[in-house]
Structure formats: C-alpha cells, structure tokens
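Structure assessment
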Amino acid sequence: ISTLVKASTSIIRGEVIDTQAMWNESGDQIVTRATIRVQSDFKRQVSEELITVEYPGGEVGEIGMMVSDSPQMFAGEEVIIFLEPSEASTDRQRFHVVGSAQGKFSLEEDGMVRTMGFTLVEQDGLMYRELSETDLIQQITDALE
C-alpha cells in the first residue's frame, strides 16, 4: 500500500457512475473510460466531483480486448483507487490507475475491500487481497504521514 501511495498523485474513494469502451485516439487498442463520482480524495488533489479513469480493455461492437492485469470497473461499484494523471490527455481530470489491477480496491457490503493481483507462486497466477476498509484507509493515512 505504501508503494501505491507514494506513486499516486491522487487516491480517491468514489462510486463508478458509468463505463464506456472505445477505440483509443490512435485506433490500435480498445480502452474503457469509467466516470467516477469522487466522495473523498486522500491527497486532496482532485478538484472536480466527477473524474474519468481510463484503462486498457473492453468491448466495442463485436470486438473485445482483454488485458490480464488491467482493472475493471462496473457502474454502481464503490472503489478506492490509486491514480496518476493521464499523460496522453489534455483533460486534467482524466487518470490512469497506478499499479494496474492492484491499484483498484472494490468496497463490498461486508465492509471489506478486495483487489486482484498476480503472483508467480500460485498455480493459476491470480491472487486476491482482502482487508477491511478501515485497515486500508489506516494504511493509506500512515503512508501519507
């Protein structure tokens, strides 16, 4: 968590309002843009209520692109995500997730947060990390000090 905190310009808690897949500007890959309503920003760098988070992958028409370590977001999902500004965009409110899938935590109804990562130890390569929202926020706060 401390590595994600240091690498991020913004860390937000928010709700995914909408997602839309499209071809990127150069037309060579599919990206998804998630609109997120910011509920809180731990680094206080986001000035807007709505931001856009772009990540590789998605479906446009009958063509799909999947990137194994890319986060996925869904409308209605509550998240804590570690962000950096998109270098390719002139839009100051468009971001990328730091750490790919490991930089996005889904908030569950049971008070737990979950993220997906990868490890070479497990046979299938997938690893799910789970902790309470309170513990995650405490780790973020500690790393910010």
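The notes below deal with the structure included here. (Residues numbered from 1 in each chain as written. Predicted model: local features only at pLDDT ≥ 70, side-chain atom pairs only at ≥ 80, totals over all residues. Heavy atoms only, no water.)

1. Observations regarding the overall build of the protein
A tally of helices and strands in the protein yields two helices and 10 strands. Element order for the protein, N to C, with α for helix and β for strand: α-β-β-β-β-β-β-β-β-β-β-α. Within the span of the protein, comprising 145 residues, buried residues form 40% of the whole. Of the roughly 8,400 Å² that the protein leaves accessible, carbon and sulfur atoms contribute 46%. (Helix = DSSP H or I, 4+ residues; strand = E, 2+ residues; numbered from the N terminus. Buried < 20%, exposed > 50% of the residue type's maximum accessible area, 1.4 Å probe, protein only. Areas by Shrake-Rupley, 256 points an atom, 1.4 Å probe, with all protein chains shown as cover.)

2. Let's talk about the layout of surface pockets
Roughly 280 Å³ of volume is contained in the largest pocket. Taken together, 14 residues line the largest pocket, and the ones lying closest to its centre are Pro71, Gln72, Ala101, Lys104 and Met116. Mapped onto the lining of the largest pocket, the elements with two or more residues apiece are strand 8 (104-107) and strand 9 (112-118). Examining the composition of the lining of the largest pocket, we find that three residues originate from one element, strand 9, more than from any other. Counted by class, the lining of the largest pocket contains six nonpolar, five polar and three charged residues. Taken together, 16 residues make up the lining of the second largest pocket; nearest its centre are Thr32, Tyr55, Gly57, Gly58 and Gln72. The set of elements that each furnish at least two residues to the lining of the second largest pocket consists of strand 1 (10-23) and strand 3 (50-56). (1 Å grid on protein atoms, 1.4 Å probe; cavity = no way out; pocket = protein on both sides within 12 Å on 5 of 7 lines; lining within 4 Å. Points joined across faces, edges and corners; volume = space filled by probe spheres on them. Nonpolar A, V, L, I, M, F, W, Y, C, P; charged D, E, K, R; others polar.)

3. Remarks on the nonpolar core
With 15 residues, the main nonpolar core has Ile12, Ile36, Ile51, Val53, Met73, Ile81 and Leu83 as its most contacted residues. Every element with two or more residues in this core is listed here: strand 1, strand 2 (30-41), strand 3, strand 6 (78-85) and strand 7 (94-97). Ignoring anything within four residues of it in the chain, the contact list for isoleucine 81 reads Ser10, Ile11, Ile12, Ile36, Val53, Met73, Gly103 and Lys104. By size, the runner-up hydrophobic cluster in this structure holds 13 residues, among which are Ile11, Phe105, Leu131 and Leu136. (Core = buried A, V, L, I, M, F, W, Y, C linked by side-chain atoms within 4.5 Å. Contact = heavy atoms within 4.5 Å.)

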